Amino acid sequence: AANGIEGLYVLGAALPVMALPLLMGGVTGSQLWQMGLVVLNSMFFALCAGLFVSAISRSARAAVIGAIALVAFFTLGILALSILWYGLTDQSYPEQILSRIGPLLGFLVTFAPVGWPNLAALYWHSVVSTHLLAWLFLLAAARILPRVWQEKGLTVRRLKWRERLVRWSVGNAQERKAYR
């Protein structure tokens, strides 16, 4: 969460730079503010997803990889599943519910051609679904964290399972000695 403050400052500094095409006439004011909202919302989503994965992970490396994988799934994976579903069914693409989940559609719709149907609805569905997912991850992390914030010692039962797993994966003492 503390790292997110730095990202918020970077976003605040980048927004005026993003406004340069507005001054040049390349984008409209509504596109600029829509993109700013999508970027801010996506950053909130990524931070909440990272907090959730961090709450359920024991190591920092697993938390980073899990957070990247979770954000990538909701950004690219959901859209890929939606496109796959579109190929297998007769639904038109904008009508699919699955395609409206995640931040990528908000980015795409902001600069979509004018003839695309339901642009405003698609944009707001993407923004709201991403925001709700972010709050869901944040609430789940808040619910999980009080139970896992202190590392507990291994019980006798867990130690036995760990020993069985080690024996299964690397073999018993004689097999390890022969391997060495």
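Details of the structure are given in the entry above.
Only a predicted model underlies this, so the values are computations on that prediction, with no experimental measurement involved. (Residues numbered from 1 in each chain as written. Predicted model: local features only at pLDDT ≥ 70, side-chain atom pairs only at ≥ 80, totals over all residues. Heavy atoms only, no water.)

(A) Highlighting the packing of aromatic side chains. A full pass over the atoms with the stated rule returns seven aromatic pairs. Look at Phe73 and Phe74: their rings are 5.3 Å apart centre to centre, the planes differ by 80°, and that puts the pair in the edge-to-face class. Classification of Phe73 as partly exposed rests on a relative accessible area of 38%. For the ring pair Tyr123 and Trp124, a centre distance of 5.0 Å and an interplane angle of 80° mean the geometry is edge-to-face. Judged by relative accessible area, which is 1%, Tyr123 ranks as buried. Each member of the aromatic cluster is reached from another via a ring pair, and the members are Phe45, Phe52, Phe73, Phe74 and Phe137. Lying across the ring of Trp161, Arg164 places its NZ or CZ 4.8 Å from the centre. (Phe/Tyr/Trp six-rings, centres within 6.5 Å; stacked < 30°, edge-to-face > 60°. Buried < 20%, exposed > 50% of the residue type's maximum accessible area, 1.4 Å probe, protein only. Lys NZ or Arg CZ within 6 Å of the ring centre and 35° of its normal.)

(B) Summary view of the environment of Leu11. Relative to the helices and strands, Leu11 is located in helix H1 (residues 2-18). As a C-alpha pair, Leu11 and Met43 span 32 residues in sequence and 9.2 Å in three-dimensional space. If we ignore the near neighbours within four places in the chain, the residues touching Leu11 are Val39 and Leu40. (Helix = DSSP H or I, 4+ residues; strand = E, 2+ residues; numbered from the N terminus. Contact = heavy atoms within 4.5 Å.)

(C) Quick peek at the side chain of Thr130. In this fold, Thr130 is placed in helix H6 (residues 119-148). For Thr130, a relative accessible area of 1% translates into the label buried. Looking at Thr130, its side chain comes within polar contact range of the main-chain oxygen of Ser126, at 2.7 Å. Other than its neighbours up to four places away in sequence, Thr130 contacts Asn41, Phe45, Gly102 and Pro103. (Polar contact = N/O pair within 3.5 Å; in protein donor to acceptor, adjacent residues only side chain to side chain.)

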